[in-house]
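Okay, here's what each chain looks like letter by letter:
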Amino acid sequence: MEAIDDLDLQLGMLREYYYSGKTRDASWRRSQLKGILSLLKEREDELFRALHQDLGKHPVEAYRDEIGCLIKSVNYALDCLSQWMSGRKAKLPRAALLTSAEIIPEPLGLVLIISSWNFPFGLSLEPLIGALAAGNVAVLKPSESAPASSSLLANLIPVYLDNKAVNVVEGGPDVGQQLLHKKWDKIFFTGSTKIGRAVMAAASENLTPVTLELGGKCPAVIDSLTRSLDREVAVQRVLGTKFSPCAGQACIAIDYVLVEEKFSPTLVELMKGMMKKMFGENPKESGSIARIVNKRHLQRLKSLLDDPLVKASIVHGGSMDEDSLYIEPTILLDPPTKAAIMVDEIFGPLLPIITLNKIEDSINFINSRPKPLAIYGFTNNESLKTRMISQTSSGSLTFNDAVIQYAADTLPFGGIGESGMGKYHGKFSFDTFSHQKAVLRRSFLIDFWFRFPPWNDYKLQLFRAMYGFNYLLLLLITLGLKRSK
Amino acid sequence: MLWAAGGCGRTLVFGYHFTAKSDLPLLPVLSSCPAISLLCRSASASGTFPVMAEEENRVFGASEASLLIRELRDSFKSGRTKSYDWRVSQLRGIEKMIEEREKDIIQALYMDLSKPELESFFSEISTSKSSCKKALKELKKWMMPEKVKTSMTTYPSSAEIVSEPLGVVLVISAWNYPFLLSLDPVIGAIAAGNAVVLKPSEIAPATSSLLARLLEEYLDKSAIRVVEGAVPETTALLDQKWDKIMYTGSGRVGRIVMAAAARHLTPVILELGGKCPAIVDSNVKLEVCVRRIIAGKWAANSGQACISIDYIITTKQFAPKLIDALKKGIEESFGEKPIESPDMSRIVNAFHFKRLVNLLDEERVYHKIVLGGQREEKLLKIAPTVLLDVPEDSQIMQEEIFGPMLPILTVENLEEGFEVVNSKPKPLAAYLFTNNEQLKKEFVQNVSAGGMLVNDAILHVTVPGLPFGGIGESGIGAYHGKFSFDAFSHKKGVMYRSFEGDSSVRYPPYTPKKQRLLKALINGNIIGIILALISWYRK
């Protein structure tokens, strides 16, 4: 546990370094981004090993979801940095003369990034890319539930980045608490809704702005697709994006499926077939499924299946090996909607399918629950797509695929309502760690003399003309050609 | 029904009586004002007065707040507020309201703050009107989804960012520009398609009451409501779950608002305050400079504005010249006895009057007055007052003044001045008066503030293309123009994928070949992709 004195000293030094102005330099920022790139490329094997140790992730999964994605993001930031840093000019109203107006981005200062255990490198470094590109100094607190990854970050970051500007603080909830009550210029938190509330409450003490990337139950609406190609691709994508990223322990993984009753038998059959194709006869031995992170979460998931009605609805899978923290990819058909598995965010390899009368009913179903981080729609029906866009609300909405929106640098990634506030990725990362400062310049040369007291009706008339952009009237009044009231 | 009487007054909104605790002292001047009795009578004759007598003493509490928000949520769910036509109709309603009731607005502002008509006009009425006009003009454009480029990593796909309303939002406004700070956020909320509850400040009761009546008369009350009241009513509102809360006011209450919002994970915009410094160089056109300082201090609600100049920093050498010019300028603007000038607002109430007088009468401060210092308790007026080199740890240099006193701090050189500013919490605005280009550059680069203005004060808030908001202690978030629309919208990422063009590379079972291809794909490495594909298809 960090001694309080040390922490204050540490933060003091980070702030001092920030005030030295070093981090404002474009060249410094570039060097940091390049440092992250080198870390990812040179230490790939160690990163894979840590992820395998913490979560049993296969290297291909680790690359697809974390390492590769990060490399893409760093390259994008490097390409765009000059443009992001340059700010932009703002349009001036016609009444203003000889002024210039622009918005200049400036760093916030000292930021805190708290990341989660399911994508320990991705969720630590993706925000860090934004923080450094924006010129801040940062403290990173990785999750203690992924200890190998946390420790690796603590070792590698001082080697590849400027350790006067980026510090890693490891530890559990008490370290987190200590950090939260310090004064930051921004707190970026990825984790559960419950802790999200505590983070925002702590931030309010110092009026610290926050970005909260939380969770929710992300639904996938599967329409009755007619083409067999569409069906196959849809099922592959649904199962691939549910069970493959960290065994469903992902904030944007599909939590549950909504399907029309008539289509559900077809869907279940297709799914069973696809499961075999992806994970083989013995999924545990396939090496393609990550582990449940720890015993506590395994117990949590196990208890979701304890409900006899829920257990009875299992149509595929359901086996567990508690010692190896393994849960077989499991599909359920119509568990009771009031059961915990349909109320809490599952965050695991259990996929309930809920059948509805008509697929359009899915909209009400989704809207009767808290706003999720993502909604997925597998359909070719354009009017259903339009309805989903305008009648549901979520962080993001993706059609005919899932999870992949995470890789899009041009789309804001963030939640709404219970699933979070704020956004990042691409330029949104840069913006979330910047202050958009408004700067207006005037000269001494021209002024509207009637701006100043003493007041009289004449001046009021002039103001009316000016605000109405009625220059002719303005001229007439000034020339005395129009009598003031 | 005279709410000018000190203590409790009663005001009506949509069938509820609220106890609005007002700090206003008994002012014989105001109570004889015909306008006030007219307003009182019209309030009681308002159509919202309930028929049942037993409703008389109901207070706006938790259950009323809960009912209110449920009603508005139902309205929002019906989809009405999302339509372009509804938004336009409401914005037009606001425009009409401002045009038709200009005189009532000016009167209310005069009653609450003795605000001169001209000041009311240009600082509140025409700014609200232009805000409305801008929204009407640009709304279609703002509402359109923004197409974005997609990269090879997600090929083939198309994507866009769709702006959607947040739902039901709460706007809590302040007393110093009670009309503008209520209406401007409401305009943004409506433009973005939300249902909105406005809670105006009870410290400006005439405007609060006027807003309650006008909004009911001109706007769709199934989606737009006003709740009047003070701490109990605000607390009841803050306990509810809103989709966004916008608060304008002090840092102390800002913390309370954010803590309350945290319970429901409600995002907030906080427009707070701070000590806005003006750094004055000797290399200026002194007369123009002084006029603008006056406009940015005393002609801005007597310094009771979050962006008015709080204090000045200048060189030891230049200070005497600046003070002389200020003396002259103040006399030109307000006459020989500025305290009697009708062209300055009064201090809003006795509480703030006392607060300001205490700042002035602190022993080490009082002797530093070089101009002004007069006060008239009965009229709640304090003369434009300039002080020279008050101690840094005096109260007047520790808290936001929000009044007509202007301390001048002297430094050896202006770079030192920048350090002084940076040693204090980040202000909402920072001003620099100079013709020196290098100094301007350093100022913009090295000083952090919500917004900055070179060679003038306050004006930057009138530019709708600039975001208006604070940083650090001076606030969170920004609004004005499109920033208002964005502040009250959710930017939803929508991605379209087709069923064609899929590759099994993404899914298990994982093979080394897949890994190579995946690497090449993510890195956009064309050669790599081709090579990997070749070896792939060789299998």
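Residues numbered from 1 in each chain as written. Chains lettered and ligands numbered in written order. Predicted model: local features only at pLDDT ≥ 70, side-chain atom pairs only at ≥ 80, totals over all residues. Heavy atoms only, no water.

Chain B goes by Aldehyde dehydrogenase in an unreviewed UniProt entry, where it is assigned to Punica granatum. Recorded under Catalytic activity (unreviewed entry), the UniProt text for chain B is reproduced unchanged: "an aldehyde + NAD(+) + H2O = a carboxylate + NADH + 2 H(+)". The Sequence similarities (unreviewed entry) comment attached to chain B in UniProt states, word for word, "Belongs to the aldehyde dehydrogenase family." (UniProt positions renumbered as here; feature names shortened; annotations may be inferred.)

The name an unreviewed UniProt entry assigns to chain A is Aldehyde dehydrogenase, from the organism Punica granatum. What the UniProt record of chain A gives under Sequence similarities (unreviewed entry) is the line "Belongs to the aldehyde dehydrogenase family." The record held by UniProt for chain A lists under Catalytic activity (unreviewed entry) the comment "an aldehyde + NAD(+) + H2O = a carboxylate + NADH + 2 H(+)".

Residues and elements named next belong to chain A. Tracing the sequence through the fold places K141 in strand β4 (residues 137–141). Among the polar contacts listed, one links the side chain of K141 to the side chain of E144, at a separation of 3.4 Å. In this structure K141 touches I113, I114, S115, V169, G171, G172, V175, G176 and L179, once residues within four positions along its chain are discounted. (Helix = DSSP H or I, 4+ residues; strand = E, 2+ residues; numbered from the N terminus. Polar contact = N/O pair within 3.5 Å; in protein donor to acceptor, adjacent residues only side chain to side chain. Contact = heavy atoms within 4.5 Å.)

It is worth spelling out the packing of aromatic side chains at this point. Each aromatic ring pair is specified by the distance between its two centres and by the angle formed by the two planes. Taken as a whole and judged by the stated rule, the model has 16 aromatic pairs over all chains. With 5.6 Å between their ring centres and 85° between their planes, W117 of chain A and F347 of chain A make a pair best called edge-to-face. Of this pair, W117 of chain A sits in the loop between β3 (110–114) and α5 (122–133) while F347 of chain A sits in the loop between β13 (330–333) and β14 (350–356), and the two are 230 residues apart along the sequence. The pair W117 of chain A / F347 of chain A is uniform in exposure class, with both members buried. Summarising the aromatic geometry, the rings of Y256 of chain A and F365 of chain A are spaced 5.8 Å apart at their centres and angled 55° between planes, so their arrangement reads as tilted. Of this pair, Y256 of chain A sits in strand β9 (residues 256–260) while F365 of chain A sits in helix α14 (residues 361–367), placing them 109 residues apart in sequence. When its relative accessible area of 1% is taken as the criterion, Y256 of chain A is described as buried. One aromatic cluster is present, formed by F188, Y406, F413, Y424 and F433 of chain A through successive ring pairs. Just above the ring of F399 of chain A sits the side chain of K385 of chain A; from NZ or CZ to the centre is 5.8 Å. Its end group placed over the ring of Y177 of chain B, K115 of chain B keeps NZ or CZ at 3.8 Å from the ring centre. (Phe/Tyr/Trp six-rings, centres within 6.5 Å; stacked < 30°, edge-to-face > 60°. Buried < 20%, exposed > 50% of the residue type's maximum accessible area, 1.4 Å probe, protein only. Lys NZ or Arg CZ within 6 Å of the ring centre and 35° of its normal.)

What follows is about the interface of chain B and chain A. Contacts between chain B and chain A engage 102 residues on the former and 110 residues on the latter. Summed over both sides, the interface between chain B and chain A buries roughly 8,700 Å², with carbon and sulfur atoms accounting for 63% of that surface. In terms of surface lost to chain A, no three residues of chain B exceed L265, F499 and Y510 of chain B, which account for 11% of the buried area on that side. Note that D401 of chain A and R497 of chain B form a salt bridge whose closest N and O atoms lie 2.8 Å from each other. Taken together, the residues of the side of chain B that touches chain A sort by class into 50 nonpolar, 27 polar and 25 charged. As defined by bridge partners, strand β18 (residues 434–442) of chain A adjoins strand β18 (residues 451–454) of chain B across four bridges and the pair is classed as parallel. In the strand pairing of β18 of chain B, A438 of chain A is matched with G451 of chain B. (Buried area = accessible area lost by both parts, 1.4 Å probe. Salt bridge = Lys/Arg side-chain N within 4 Å of Asp/Glu carboxyl O. Nonpolar A, V, L, I, M, F, W, Y, C, P; charged D, E, K, R; others polar. Pairing = 2+ DSSP bridges.)

This part covers the domain arrangement of chain B. Residue and element names in this part refer to chain B. Assigned domains within chain B: domain 1 (62–272 + 485–490), domain 2 (277–463) and domain 3 (506–537). The C-alpha-based centres of domain 1 and domain 2 are spaced at 31 Å. For the pair domain 1 and domain 2, the summed buried area comes to about 1,200 Å², and 51% of that belongs to carbon and sulfur atoms. Summed over the three residues of domain 1 that lose the most area to domain 2, namely L113, E119 and W175, the buried surface amounts to 34% of that side. Here domain 1 and domain 2 share zero salt bridges between them. (Domains from an automatic or database assignment.)

In this section: the environment of S498 of chain B. Considering the arrangement of structural elements, one finds S498 of chain B in the loop between β20 (489–497) and α19 (512–522). With 342 residues separating them along the chain, S498 of chain B and P156 of chain B place their C-alpha atoms 7.4 Å apart. Each residue touching S498 of chain B, except ones within four places of it in the same chain, is listed here: R237 and N400 of chain A.

Looking now at the sheet that holds strand β6 (residues 186–190) of chain A. Here we have six strands laid out as an open sheet, ordered β5-β4-β3-β6-β7-β17 (chain A), and mixed in their pairing. The sheet terminates laterally at β5 (166–168) and β17 (420–421) of chain A, the two strands that pair on one side only.

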